[in-house]
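Structure at a glance
Here's the letter readout for the chains.
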Amino acid sequence: MTNKFTFIDLFAGIGGFRIALQNLGGQCLGYSEIAPDAIDTYCKNFNGTNETNFGDIRTITDLPAHDFLTAGVPCQSWSIAGKNLGFDDNRGQLWNDTLYLLNKCRPNAFIFENVKGLSDPRNKEALEYIMTKIKEAGYHAQKYVINASDYGVPQTRVRIYIVGFKNETFFNRFHLPSKIDSQTNLSDILEDCYNNNKQISVNHNKPQQSLSCNEQGFNDYFLFNDLRNGETTIHSWDIVKTTERQKQICLLLLKNRRKPCYGELDGNPLSIRHFQNLDKTITIGELDQLVAMGILKKIAYKYLIVKQDKSLTKNENLILSLAEDGIINVSSLKNKREIKINKILVNDELKKLAEKSIINCIEERYDFRNSKISTGLNGINRIFLPSSKIYPTLVASDTNDFVATTNINADNIIDFKEKFMKEIYFPKKFRRISKKEACRVQGFPDSFLLPETRPKWMKLIGNSVSIPVVQIIAKSVVNTGVFNDSYATYA
């Protein structure tokens, strides 16, 4: 296939857009990237090509004439993993630089990619601003929220794509391709998986939070978490040897800690009084034993102000001023607007006040020691079976997600969970995905060159685009005939 269009790759990263467009016959005229590791990787994988790196987009005033413009604008300003500052973040302002170049260079078509957060209600005004500026530049565009898993990619990766045309005729010809009913499993991209009992993973009307399930309707992954419950959730009391009585106490806390009557937070610790109201036979000794086992922790929850001190810090005085009748309630305090605005670490400040004998603890409560959902247990968040249809979103910071190196099958959910613990978890038949597998998840070739250290290559891959999705969208753009009116489609 000969080159039929030219393109420029803004916020190029390691070249995900470039691979997709070159696969369709496009010729890259240049790219814009400022991250040293990304530039080095980009050059190594494209044969040390001499095309221009235009550098920092904030300093670009013009670009060579080209047919197709692509841009994966930095996403942190809109991501739920970031601070959600939008255009108040310098990275959010990069949208204005992108739109300036679109208006100045006027390519025939473009694709812009960003995280789903840009399409969320909280960012409605920002997205409307972007779409308005595109329209004012004389372009016809539409936004699409796409999950990579809907297009044959073994990864749940939801992104917003804005596709636009200078000519309305080609805009009207563009149609987003139908979703692909793919039978790709995680095992298809794993290097050392022995999935002798491979089955097609299908969804049997499972809850929305279920990523994938097998033919029996069981989840294809196990979640390690004490704050959630489910058929394939592994708790601390499943890992540590515990009695049935201890399991019942833990489940009692799990079932009740999110009830509003116990506090204002999404999850609240319970006092011995609360436990005994639920089960009068529970003793402090039993709770303290679970603390000693590392399953629960004891938390100072209410404080009494016992004296004043003029030498306190601003944050300490603010906390004291928010007390009610001389009582400081931790859950109520953490929900105060003033605390959130000033980003005060409540527990740290309360500890300082207690050490200065300004406050005394008058109520202790019990909560799970592992109280952060994303952290999981013992460094594990989820373990995915080879039969799983998709892997969770690859992110720049890596995750505590793992893959099993063997599969399991069972006729009922109890046996399924027991087999997992016996055949996979305790024998440690699981691992993190490799560099080559991360490439496959994103659609990069096995031969793609990346840095040796995991943090570096994971950051580069996690920040990249899903090549198969970009290629499917770009092919639909090409098929409108926007780059050569003498033909209608490509094979």
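No experiment lies behind these values; they were computed from the predicted model shown.

Conventions used here
- Residues numbered from 1 in each chain as written.
- Predicted model: local features only at pLDDT ≥ 70, side-chain atom pairs only at ≥ 80, totals over all residues.
- Heavy atoms only, no water.
- Core = buried A, V, L, I, M, F, W, Y, C linked by side-chain atoms within 4.5 Å.
- Buried < 20%, exposed > 50% of the residue type's maximum accessible area, 1.4 Å probe, protein only.
- Helix = DSSP H or I, 4+ residues; strand = E, 2+ residues; numbered from the N terminus.
- Contact = heavy atoms within 4.5 Å.
- Phe/Tyr/Trp six-rings, centres within 6.5 Å; stacked < 30°, edge-to-face > 60°.
- Polar contact = N/O pair within 3.5 Å; in protein donor to acceptor, adjacent residues only side chain to side chain.
- Axes fitted to C-alpha atoms, helices over the stretch in contact; angles between N-to-C directions.
- Parallel < 35°, antiparallel > 145°, perpendicular 65-115°, else oblique.
- Left-handed = near helix turned anticlockwise from the far one by under 90°.
- Nonpolar A, V, L, I, M, F, W, Y, C, P; charged D, E, K, R; others polar.

This part covers the nonpolar core. In terms of nonpolar packing, the biggest core is built from 56 residues, with Phe68, Ile111 and Val477 touching the most fellow members. With seven residues, the single largest contributor to this core is helix α17 (residues 467-478). What phenylalanine 68 contacts, discounting residues up to four positions off in sequence, is Phe5, Thr6, Phe7, Ile8, Leu21, Pro107, Ala109, Phe110, Ile111, Ala474, Val477 and Phe483.

Applying the stated criterion to the full structure yields 24 aromatic pairs. Ring geometry for tryptophan 95 against phenylalanine 112: centres 5.8 Å apart, planes inclined by 75°, an arrangement best described as edge-to-face. Of this pair, tryptophan 95 sits in helix α3 (residues 94-105) while phenylalanine 112 sits in strand β5 (residues 109-115), placing them 17 residues apart in sequence. As far as burial versus exposure is concerned, tryptophan 95 and phenylalanine 112 are alike and both buried.

A few words now on the side chain of asparagine 256. Note that asparagine 256 resides in helix α7 (residues 244-256). The class of asparagine 256 is buried, set by a relative accessible area of 3%. A distance of 2.8 Å separates a polar side-chain atom of asparagine 256 from the backbone oxygen of leucine 252. In this structure asparagine 256 touches Tyr262, Leu270 and Leu278, once residues within four positions along its chain are discounted.

Attention shifts here to the packing of helix α1 (residues 16-23) against α17. One way to put it is that α1 packs onto α17 with a least axis distance of 9 Å and a crossing angle of 45°. As far as their axial angle goes, α17 and α1 are oblique. Our pair here, α1 against α17, has a crossing hand that is right-handed. Residue-level inspection shows Gly16, Phe17, Ile19, Ala20, Leu21 and Asn23 of α1 in contact with α17, the latter providing Ile467, Val470, Gln471 and Ala474. Residues that form the contact of α1 with α17 fall into these classes: seven nonpolar, three polar and no charged.

Our next topic: unusual backbone geometry. You will see that arginine 106, though not glycine, has its phi angle at about 50°, which is positive. Among the structural elements, arginine 106 can be located in the loop between α3 and β5. On the basis of relative accessible area, arginine 106 is assigned to the partly exposed category, the value being 30%.

All quantities given are derived from atomic positions and should not be read as evidence of function.
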